[in-house]
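For reference, the chains in residue letters:
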Amino acid sequence: IPACPDSQLFIKDLHFDGVPVRIYLPREASASKRRGVIFIHGGCGIFASISKELKEKIICRYIARKSDSVVVSVGYHLAPEHRYPAQTLECLSATVHFLKTAESFGVDPARIIVCGDSVGGTFTASVCQELGQRTDIPKIRAQVLIYPFLQALSFNLPSHQKNAAVAFLSRERTVHFILKYLNKDCSLKEPILAGSHVPESINLKYKKWINADLIPDVFKVGYKPPLPTLFLPQVHEEVQELFEPWVAPLLAEDAVVCGLPDTCIVTCEHDVLRDEGLLYKKRLEDNNVRVTWHHVEKGFH
C-alpha cells in the first residue's frame, strides 16, 4: 500500500541492502544533521508490515514529526514463508546500511537509535547485541524496547500467570505464535508451556537471569511457583532455536550485554511479556548499561 501524502514529511519506499524500508524525512530544512530512528514493527514475525497505514500513521509519522528525526521503518519479510533467522538478518542488514549512509539522508550517524515493539523489540535487542562489538561502523546511540519478547525458557513467570488469558496476547497464543514463527509443529505448545523442553542443566545455567525471584515483589502478588515438570528430550531436540540469543536475547552472555548502548525499556502491567522486560532491565543494569524504564500500569500488549 503506498504511503499517503503528508504535509510535514517526505515519505519514500526504498531498499537498504535489498531490504524494503519506508523512510520518513521532515520537509522543513534543518540547520544541522538530524537524529535517526530505525523502527522495527511487531507482529510475532508473521504479521504486519511497513505498509499498514494505522501503525505507519500512529507511530512512524508521530516519531518523525515530534522528534524532528528521520525514521526508517524496516519491512523485513515474514515467517514462515521466509524462514528464521531471515527476519533478524534483514533488520541487521538494514540497520548497518543506514548507519553507513546516514549522512546522505541528513542524519548524524552518531545519533541513531533502534526501536521496536513486541518481536520488533526482540529484533532490536538482537541487532544491538550483534553490533555492540563492531568498530567498522558508527555505534548505535540507544535502543528502545517496547514490551519485547526476550526468552522462551519459562512461561511461568508472574506476568505469564497473571495475564495468561488477557486479550490479544494470551500465554497460550504467545507460544503458538513462536512455533509458527519458527515453522515448528504447534502440537509442541503444551509441553513448552509446561517447561518440558528445558533440561535441568540449562535451567541451572540460566537461573541467574531468568527467575521469578528476580522480579520485584510488587509484581508477584498471587504468584505461585510452578511444580517441577518432566523433561522431554524429544521436545528439546525439536526446538533448539528457543535457546539461541536471536530468539531469546536474555540468554546472551555478559560479554555481549556489557557492550550494549543506552536503553529504554517499556513494560505494560497487563502483558504476559512484562517480566521479560523487567529481567532484561536488571541484566543491563548489572552490566553497567544505563537504562530508562517506563511502566504503563493500565497498559496491555
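Residues numbered from 1 in each chain as written. Predicted model: local features only at pLDDT ≥ 70, side-chain atom pairs only at ≥ 80, totals over all residues. Heavy atoms only, no water.

The protein chain goes by ADCL4 protein in an unreviewed UniProt entry, where it is assigned to Poecile atricapillus.

**Let's talk about the overall build of the protein chain**
Scanning the protein chain from terminus to terminus reveals ten helices and eight strands. Dimensions of the protein chain, computed from the C-alpha atoms along their principal axes, are close to 60 × 40 × 40 Å. Scored against the burial criterion, the 301 residues of the protein chain give a buried share of 54%. Taking the contacts inside the protein chain whose residues are at least 6 apart along the sequence as the reference set, 76% of them involve residues at least 24 apart. Working note: accessible area of the protein chain is about 13800 Å², and carbon and sulfur atoms make up 56% of it. For the protein chain, the distance from the average position of its 35 positive side-chain charges to the average position of its 34 negative side-chain charges is 5 Å. (Helix = DSSP H or I, 4+ residues; strand = E, 2+ residues; numbered from the N terminus. Buried < 20%, exposed > 50% of the residue type's maximum accessible area, 1.4 Å probe, protein only. Contact = heavy atoms within 4.5 Å. Areas by Shrake-Rupley, 256 points an atom, 1.4 Å probe, with all protein chains shown as cover. Lys, Arg positive; Asp, Glu negative; His and termini not counted. Charge placed at Lys NZ, Arg CZ, Asp CG, Glu CD.)

**Observations concerning the packing of aromatic side chains**
The tally for this structure, following the rule as stated, stands at ten aromatic pairs. With centroids separated by 6.3 Å and ring planes inclined at 50 degrees, the aromatic side chains of Phe123 and Tyr181 adopt a geometry described as tilted. Linking Phe123 in helix 3 (residues 119-131) with Tyr181 in helix 5 (residues 171-181), this pair joins segments that are 58 residues apart in sequence. When its relative accessible area of 1% is taken as the criterion, Phe123 is described as buried. (Phe/Tyr/Trp six-rings, centres within 6.5 Å; stacked < 30°, edge-to-face > 60°.)

**Some remarks on the pattern of salt bridges**
Using the criterion set out here, one finds 17 salt bridges in the structure. Put simply, Arg61 and Asp6 hold a salt bridge, and the shortest N to O gap is 3.0 Å. Residue Arg61 is located in helix 1 (residues 53-67), and its partner Asp6 is located in the segment before strand 1 (9-16); the two are separated by 55 residues in the primary sequence. As far as the burial class goes, Arg61 and Asp6 line up, both buried. The partner of Lys184 in a salt bridge is Glu241, and the shortest N-O contact between them spans 3.1 Å. Linking Lys184 in the loop between helix 5 and helix 6 (189-194) with Glu241 in the loop between helix 8 (233-238) and helix 9 (254-257), this pair joins segments that are 57 residues apart in sequence. Shared partners join several salt bridges into a network, and the residues in it are Lys162, Glu269, Arg274 and Asp275. (Salt bridge = Lys/Arg side-chain N within 4 Å of Asp/Glu carboxyl O.)

**Things to note about helix 5**
Every buried residue belonging to helix 5 is among Arg171, Thr174, Val175, Phe177, Ile178, Leu179 and Tyr181, and all of these are buried. Buried residues along helix 5 sit in contact with helix 2 (86-101), helix 3, helix 4 (158-162) and helix 6. Once helix 5 finishes, Asn183 follows within two positions and takes phi at roughly 60 degrees, a positive value.

**A closer look at the UniProt feature "domain: Alpha/beta hydrolase fold-3" (unreviewed entry) in the protein chain**
When the UniProt feature table is mapped to this numbering, "domain: Alpha/beta hydrolase fold-3" (unreviewed entry) covers residues 37-192 and 241-301. Summarising residues 241-301: 28% helix, 31% strand, and an end-to-end C-alpha distance of 24 Å. (UniProt positions renumbered as here; feature names shortened; annotations may be inferred.)

**Describing the side chain of Thr124**
Within the fold, Thr124 resides in helix 3. Look past the residues within four positions of Thr124 in its chain and what remains in contact with it is Ile40, Val114, Cys115, Gly116, Gln143, Val144 and Leu145.

**As for the domain arrangement of the protein chain**
Looking at the protein chain, the domain boundaries give domain 1 (9-146) and domain 2 (158-243). Summarising the inter-unit geometry, the C-alpha centres of domain 1 and domain 2 are found 29 Å apart. Each side of the interface is counted separately: domain 1 has eleven residues, and domain 2 has six residues. Approximately 780 Å² of surface area, both sides summed, lies buried where domain 1 meets domain 2, with 68% of it carried by carbon and sulfur atoms. For the interface between domain 1 and domain 2, the tally reads zero salt bridges. Viewed at the interface, domain 2 and domain 1 are joined by one residue pair in polar contact (both at pLDDT 80 or more). Residues belonging to the side of domain 1 that touches domain 2 are distributed by class as follows: seven nonpolar, three polar and one charged. (Domains from an automatic or database assignment. Buried area = accessible area lost by both parts, 1.4 Å probe. Polar contact = N/O pair within 3.5 Å; in protein donor to acceptor, adjacent residues only side chain to side chain. Nonpolar A, V, L, I, M, F, W, Y, C, P; charged D, E, K, R; others polar.)

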